[in-house]
Amino acid sequence: MTMSTIGELLDHFDVIASNPKAQLEKYVGEGKKAIGCFPYYVPEELVRAAGMVPFGIWGAEGTINAAKEYFAPFYCTIAQMGLELALNGKLNKLSGVIMPSMCDTLRPLTQNFRAAIPQVPFIFLAHPQNRRAPYGVEYTKSQYSNVKKNLESIAGKAISDNSLKEAIRVYNESRAARRKFVKLAGQHPESVSPVQRSAVLKSAYFMDKAEHTALLTQLNAQLEALPKSDWKGAKILISGILADSKNLLQILGDNHMAVVADDVAQQSRAFRLDVPEADDPMTALALQFAGQDYDVLLYDPELNKRPEYVVNLAKENGAQGVVILMMQFCDPEEMEYPSLKQALDKAGIPSVSIGFDQQMRDFGQARTQLQAFADVLNAKH
Amino acid sequence: MSENQEKKEAKVLLREVVDRVYQNAWDAKKRGEPVGWSSSKFPAEIAEALGLAVCYPENQAAAISAKHGGQRMCEHAESLGFANDICGYARISLAYAAGAECEEKTMPQPDFLLCCNNICNCMTKWYENIARMHDIPLIMIDVPYNNTTEVSEETVAYLKGQFQDAIKQLEKISGRKWDEKRFEEVCQNSNRTAKAWLKACSYCQYVPSPLSGFDLFNHMADVVTARSKPETAAAFEMLAEEYEQAVKNGTSTLPYEEKYRIMFEGIPCWPELRALFKPLKAKGINTTAVVYAPAFGFVYDNLDEMMRAYCKAPNSVCIETGVDWREGICRENKVDGVLVHYNRSCKPWSGYMPEMERRFRKDLSVPVVGFDGDQADPRNFSEAQYATRVEGLFELMEANKAQSGGK
């Protein structure tokens, strides 16, 4: 087999990221069962260990119609579009969904989904916010055990410790490869555009992780072999829940902004932390959640860690500015915005907040804002 | 007790109880003792057992809104970078914590925070932000959302672990030792208040009702700020007696004749109480069911039951429990219709309502009508739309009544 070029690999990831339907049909056609995984922090390892394919459901770009029967307009489009897809029968090929309940929109979404979509088996997941104390770890374990039991019933077989350990190994490898890719994409922006970067990361949600890692390892090796980049444009960090809008990312590219790091829920927040070594794999999964941090969705007992983390992440990666992609109606992001802005201002890092959602059609205002921001950054260096 | 005090009406006593909560906090502050801010459904028994002075930002925000300071405070928070999408109570409270001028309802700035997210997740970030502003300790009791009608043993164990940690943290803050006996006493008081509150609410079942349901919204301040105090229990018991007497006398606090009875779903639009009341009065509609009745009835016999009780907040229970509560009070209190407040400030609450509306129509065979509003920010309420919706509900109730041949 000849080695694919960087361009070919990026094209391949883009095809997958742009067409989740085909991916789902492919897996189901192969006789596999797929489980929809809603945001955030779903222990996908359990799905893999049960011999099934985890399939990320973070809404979709489109128009909300049917979901209006369940939600007033002032809700995050990830939740509304997730329900819209289900109401339109587009999730019927899934053998089940796992739905966490970490924010005030996910709470009613769990209930609306259960009420509206009886044809898709529903697995509820509550994460603890006091997740580090022994009682928090125990609680996570109890909730993950409930997910495990439900998955076993859907799969028709028990999840053994060994298969779970193997799934954890595959996932830790995938996380490591994605973290490495994020670094490399930031170091070689002339070879990986913001749109392509997003496609590589997004495709992982619709692929068997071992397959994804195999392709990504090839890509990483080739990016590593490239000569040092002489990037003349600006370097930025992106922050938000989602950063997969091709229209928005294209504007970053058009304005020569390279994404050198991210604080995005669908991207780095989801693969920042590996599952630690532990004799009992269920304990290991719970300990991973106990260690999660720096996220607007999570309680921060130390209060200031997230803004500090984002500032340091920007500095460590040489980001000159931060683009905050503010998901409309996402109150956790909105509540943490002033603290983030304050920390960035204090550190002398310029930032801009761009409002968007999955129904957005007109990107004119975002383009104007981002052009102006690029000018600010370019004037600074 | 003097002759004069004995004659006080329950509503006066209830107001005094709340005033005393805030006066206590000011006095504590003056003595150099720590003052806490607490979310309304944090287990109040802990701080009360340790003799700590506590204020309640939700109650403060409601009071500020009712006195028309809500928009100004919300705008102040927006100037600090908080989006206008965020809960109005949170915006008002964040503005106050940040030092915004506010004459409508003052309280001492906090030295520690008590946060329980059984109400919503917004609470967590709201309190984190205040803790950051003031650099003060935050005691967090996390109540995970429950998808089933029962509270699991695992959840009880998780809550107990947090409860023990909260006690340790508050012992340090108060400089006092935990006294199990005092705690039991406080729990008894809380149960007595809860039972008296539920009893007072239960008088809405009489036709006509001896009270205007909107009275209950006013008395909520007591269950929020003072449910662990014996004087609160006594005042609610007195309120129940007054209602009992009113039933006998055929009188009511409703200032007009009750022709129709409804459930008012959700938190009222505090800045618009007069506007809310106006079309109801014009049509002879009384509110005889409010979700706050069961929502603050924390009744329990032991620590495990107490943990379970605090899992039962309107936004932390599954849809089946939520529907069951509401249909229970609708049946008990014989409502002819339901008026649903789509509260722009409350995503979890409003997020269940379209599905609940369908279930109410099917299970109760009564008309259900919704309107858009906000608990604190008057910019999200339209008096004209509200009046039209109430008119619509009235016509549907009339048609129902005509069909069933009158009452």
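Residues numbered from 1 in each chain as written. Chains lettered and ligands numbered in written order. Predicted model: local features only at pLDDT ≥ 70, side-chain atom pairs only at ≥ 80, totals over all residues. Heavy atoms only, no water.

Section: the pattern of salt bridges
Residues and elements named next belong to chain A. Across all of its chains, the model carries 64 salt bridges over all chains by this definition. Two residues, Glu25 and Lys21, come together in a salt bridge whose shortest N-O distance is 3.7 Å. Residue Glu25 and its partner Lys21 are both found in helix α2 (residues 20-29); the two are separated by 4 residues, about one turn of the helix. Relative accessible area serves as the criterion here: at 55%, Lys21 is assigned to the exposed category. In this structure, Arg197 and Asp262 form a salt bridge, with 2.7 Å as the shortest nitrogen-oxygen distance. Here the residue Arg197 occupies a position in helix α8 (residues 194-203), and Asp262 occupies one in strand β6 (residues 257-264), the gap between them amounting to 65 residues. Residue Arg197 is classed as buried on the basis of its relative accessible area, which comes to 3%. On the accessibility criterion, Asp262 (2% relative accessible area) is buried. One salt-bridge network, in which partners are shared between bridges, spans Arg131, Arg132, Asp293, Glu302 and Lys305. (Salt bridge = Lys/Arg side-chain N within 4 Å of Asp/Glu carboxyl O. Helix = DSSP H or I, 4+ residues; strand = E, 2+ residues; numbered from the N terminus. Buried < 20%, exposed > 50% of the residue type's maximum accessible area, 1.4 Å probe, protein only.)

Some words on the domain arrangement of chain A
Residues and elements named next belong to chain A. Looking at chain A, the domain boundaries give domain 1 (33-159) and domain 2 (232-381). The gap between the C-alpha centroids of domain 1 and domain 2 is 24 Å. The interface is formed by 34 residues belonging to domain 1 together with 35 residues belonging to domain 2. The contact between domain 1 and domain 2 buries some 3000 Å² in all, and 59% of this surface belongs to carbon and sulfur atoms. Looking only at domain 1, the three residues that lose the most surface to domain 2 are Tyr41, Trp58 and Arg131, adding up to 24% of its buried area. In this structure, the connection of domain 1 to domain 2 is made through 4 salt bridges. The partner of Glu302 in a salt bridge is Arg132, and the shortest N-O contact between them spans 3.1 Å. (Domains from an automatic or database assignment. Contact = heavy atoms within 4.5 Å. Buried area = accessible area lost by both parts, 1.4 Å probe.)

Overview of the packing of aromatic side chains
Residues and elements named next belong to chain B. Inspection of every chain in the model, using the stated rule, returns 35 aromatic pairs over all chains. Taken together, a centroid distance of 5.8 Å and an interplanar angle of 75° make the contact between Phe214 and Phe264 edge-to-face. Note that Phe214 is positioned in helix α10 (residues 214-225) and Phe264 in strand β5 (residues 260-265), a separation of 50 residues in sequence. Neither residue differs from the other here; Phe214 and Phe264 are each classed as buried. Between Phe214 and Phe277, the ring centres sit 5.5 Å apart and the planes meet at 55°, which makes this aromatic pair tilted. (Phe/Tyr/Trp six-rings, centres within 6.5 Å; stacked < 30°, edge-to-face > 60°.)

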